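Coordinates in review
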Amino acid sequence: MIRLKTAILLGALLFFGSEELQAAAIPGVPAAATPAAHPEPLVQGGLLGAISSSIDDVQSKLNLDKDLLDAWRLRADRAADEVDQLVNRPSTRSSWSVAGDFLLLTAVWAGVFGLLWMFGKFLTERLCRHRVLLSRERGQALLGYVLPYSIPAVISLPLTIYASQLLPVSAGRALALCFAYATSSGVFASSLVMSLVVLFNVGHKRRAVQIIRHDSPRPLFAIGFLVALSDALTSPQIAHQLGNNLTSSIAVFTGLAASISFGLLVFRLRRPVAQVIRILPLAQRRAQPALRETLRIFSGLWYWPILLMVLVSVINLIGIGDDNQQVLRSALFTTVLLIATVFLSTTLHHLFKTRSESEVRRSGAYKERFLSLSHALLRIAMAIVFIDILGRIWGVSLFDFAVSNAVGRAISDSLSHIGLIFLVTWMVWVVLDTAIQEALKPPASKRGARQPSTRIKTILPLLRNAIKIILVVICAITTMANLGINVAPFLAGAGVIGLAIGFGSQQLVQDVITGLFIIIEDTLSIGDWVVLDSGHAGTVEGLTIRTLRLRDGKGFVHSVPFGQIKAVTNQSRQFAYAFFSVQFTYDTDVDKAIELIREAGHSISEDPFLRYNLQGPLDVFGVDRMDLNGVVLTAQFRTVSGGQYAVSRAFNQRLKKLVDNSPWVHFAQTYPQQVLVQRPAAEPVHDGAAEPEHAAVLMPDRPRPQ
């Protein structure tokens, strides 16, 4: 719909220049003499220049506002004179007698309608109690509208007209008949529409019918009243009594009020009415899918022709068109054209609508994108054809204007160039964007399929954004040139501004260039665990053109400019090592310890969750060193990147349990320092005990000799 509205606006611009064709065609003059008498103007400045060169001439030829105001001013003056004549007209009857005629006929209509309304209410209540209608909700509602409203409105009007024959001809009698006719018409129209609405009160339509019954009776009565009053005022008998200009002016205003009220009511009830139209029983929806789809499309379009007819009625009432039949005929053709165009557009939408992922995968991404592009081009072409046919309906040919007129040729050439620029830009973007999306898309089958690398996931989104910016800038510059705008100052100004920004933001440029080389050299990628020389460490979550975003082990996010990165330690490339260094006591059997280490590594290799982190068996290096604390044995696993931590924790846990259950293998502990403890001098010497010759050496981890 957005493209359709854009095409309509462009067509309107072309329509404003079509008056020059009519000005150039002079009856009785040969076509060959026309160029000599009226040379074609030289159009410069692109599309904007062509449009501006035709606006002044169009404005000088239309002058609709001035003519319309003059016509309404003249009608208002004549209506005022008729009111003055009506008031000051000599008559044998007094004004009170005329007012009495109005009140008497109004009372007759109100009395007859009131009595019939009460009788209809009573009869409705009696009939609804009958066993035939007791369980029929729609029948009860239908009687509730027909008997108290429709029948009294139909009967009270002829009785009022018959009673008016007993009164002399006067303005009061004419006005009373007008209001009786308008009131009866409003009541009858409202009850008739409500009687039709209650017939749909079934199934899932009940809520929509309830909304319509609640919101529409009073507006329908007002619309019927205004339409009937406008019709009554234009009758020759009423116009002769009150004056032609007065009655026609009042009829125009009442008709305008009725048309606008009807348009507002239609727009307000568009959704409930659409629900009433498209909802079908389940069996019918399954048996007739074509009917279901047709009703669904029509439910979204039903109010557009009505609003168009309302608009045409309003235009016709205010007096823009002189030939009413021609205006109505053109409006009817326009309505049919609008319905056919929207129906065809909706059908194309369902033909080109997005299919399921499996169907898209089978047909290919490029085919789907080009089908979408073809759909858009078909809708644009349909909009152009719609505008041209619409112009021919109203007496204007856009094709002739674009071919045989200098301004038309200039506008059509500019529009065609702009359209070609947009088309080429769009196609280039579709191809490149589809290629990037396909490269980033994970394969459908994980077996034997190569996943996109982290480098591709990092570089391609940046490349996609850069391509988008470049295409938008090129398209904007070429479009401005075709519009007639001099782009040289813009380019020169952009160069100067870019140079100034480059000098003023050297750090920014350094960040951008450094980040570009880091990405190209594949130093790090999204998902890697890196340690920077600045002290930051964490998982790479995102890369922009200037900064690196890390999330550390505590969950904090750090944004580091690329210019501050001097050295990067990437711990997530290809593989890693889970290195183990275990220290045992000197009395441990080394062979037994190595067996326990191998047993722990074998249990990890057979673990269904941990073995996917391994890239090889356990390598035991043996005795690495001996020191004061014991014997150090080393081993390692080659693991995938990031898997070394889980393997290390599992190995330590399994080895601890095996050593605890082995009597020949013991973990070493840090050898304690000797502590010299002097015996206190005041301590007495027990009998029979010899005094030691030197101080005792206390070993905290050994029991003291007795």
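Residues numbered from 1 in each chain as written. Predicted model: local features only at pLDDT ≥ 70, side-chain atom pairs only at ≥ 80, totals over all residues. Heavy atoms only, no water.

**Considering the sheet that holds strand β1 (residues 529-532)**
The pairing of strands in a sheet comes from backbone hydrogen bonds and takes either a parallel or an antiparallel form. If you walk across this open sheet you meet the five strands as β4-β3-β2-β1-β5, and the pairing is antiparallel. Taken across any chain shown, the strands that pair with only one partner, and hence form the sheet edges, are β4 (557-561) and β5 (568-570). Sheet twist, expressed as the average angle between the axes of neighbouring strands with direction ignored, equals 40°. When β1 meets β5, the two strands line up antiparallel, connected through three bridges. Its bridge partner being in β5, Leu532 is matched across the sheet by Val568. (Pairing = 2+ DSSP bridges. Helix = DSSP H or I, 4+ residues; strand = E, 2+ residues; numbered from the N terminus. Axes fitted to C-alpha atoms, helices over the stretch in contact; angles between N-to-C directions.)

**Quick look at helix α26 (residues 644-660)**
Between its first and last C-alpha, α26 extends 24 Å over 17 residues, near the 24 Å set by a 1.5 Å rise per residue. Every buried residue belonging to α26 is among Gln644, Val647, Ser648, Ala650, Phe651, Leu655 and Val659, and all of these are buried. As for α26, its buried residues are in contact with β6 (575-584), α25 (590-605) and β8 (630-640). (Expected span 1.5 Å × (residues − 1). Buried < 20%, exposed > 50% of the residue type's maximum accessible area, 1.4 Å probe, protein only. Contact = heavy atoms within 4.5 Å.)

**Quick notes on the pattern of salt bridges**
Per the counting criterion, the structure on display carries 10 salt bridges. The salt bridge partner of Arg654 is Asp607, with a shortest N-O separation of 3.2 Å. Here the residue Arg654 occupies a position in helix α26, and Asp607 occupies one in the loop between α25 and β7 (619-627), the gap between them amounting to 47 residues. By relative accessible area, Arg654 is classed as partly exposed at 24%. (Salt bridge = Lys/Arg side-chain N within 4 Å of Asp/Glu carboxyl O.)

**Quick notes on the packing of helix α9 (residues 206-215) against helix α13 (residues 270-278)**
At a minimum axis distance of 9 Å, the contact between α9 and α13 shows a crossing angle of 140°. The orientation of α9 with respect to α13, classified from their angle, is oblique. As α9 runs across α13, the sense of the crossing is left-handed. Facing Ala208, Val209, Ile211 and Ile212 of α9, the residues of α13 in contact are Pro272, Val273, Gln275 and Val276. For the contact of α9 with α13, the residue count by class is seven nonpolar, one polar and no charged. (Parallel < 35°, antiparallel > 145°, perpendicular 65-115°, else oblique. Left-handed = near helix turned anticlockwise from the far one by under 90°. Nonpolar A, V, L, I, M, F, W, Y, C, P; charged D, E, K, R; others polar.)

**Focus on the sheet that holds β7**
Taken in spatial order, the three strands of this open sheet run β6-β8-β7, and their pairing is antiparallel. The open sheet has two edge strands with one neighbour each: β6 and β7. Averaged over all pairs of adjacent strands, the angle between their axes in this sheet comes to 25°, without regard to strand direction. Both β7 and β8 contribute to a ladder of seven bridges, which runs antiparallel. Paired with Asp627 across the strands is Gly630, a residue of β8. Sheet strands in contact with α25 are β6, β7 and β8, and its direction is about 20° off that of β8. Sheet strands in contact with α26 are β6 and β8, and its direction is about 25° off that of β6.

**What about the pairing of β8?**
A large share of β8 lies buried, amounting to nine of its 11 residues. Pairing analysis gives 10 bridges linking β6 to β8, with the strands arranged antiparallel. Residue Phe575 lies in a different strand from β8, and its bridge partner there is Val640. Hairpin connection of β7 to β8: two residues between the antiparallel strands.

**Re the packing of helix α8 (residues 171-198) against helix α10 (residues 217-233)**
When two helices pack together, you describe them by how their axes are tilted relative to each other and by the distance separating the axes. Here α8 crosses α10 at 140°, and the two axes come no closer than 7 Å. Taken together, the axis directions place α8 and α10 in an arrangement best described as oblique. When you trace α8 past α10, the crossing you get is right-handed. In this structure, α8 uses Cys178, Phe179, Tyr181, Ala182, Thr183, Ser185, Gly186, Val187, Ser190, Val193 and Met194 to contact α10, whose residues at the interface are Pro217, Leu220, Phe221, Gly224, Phe225, Ala228, Leu229, Asp231, Ala232 and Leu233. Counted by class, the contact of α8 with α10 contains 15 nonpolar, five polar and one charged residues.

**So, a negative patch on the surface**
Where like charges cluster on the molecular surface, the negative patch consists of Asp589, Asp591, Glu595 and Glu599. Checked against the element boundaries, Asp589 lands in the loop between β6 and α25. (Patch = residues over 30% accessible without salt bridge, like charges linked within 9 Å, V, L, I, M, F, W, Y side chains within 5 Å. Areas by Shrake-Rupley, 256 points an atom, 1.4 Å probe, with all protein chains shown as cover. Lys, Arg positive; Asp, Glu negative; His and termini not counted. Charge placed at Lys NZ, Arg CZ, Asp CG, Glu CD.)

**Topic: the pairing of β1**
Residues Val530 and Leu532 line the buried face of β1, whereas the alternating positions Trp529 and Val531 sit on a face that is not buried. With three bridges joining them, β1 and strand β2 (residues 537-543) adopt antiparallel strand pairing. Residue pairing for β2: Trp529 is matched across the bridge by Thr539. Connecting the antiparallel pair β1 and β2 is a turn made up of four residues, with Gly535 showing a positive phi of about 100°.

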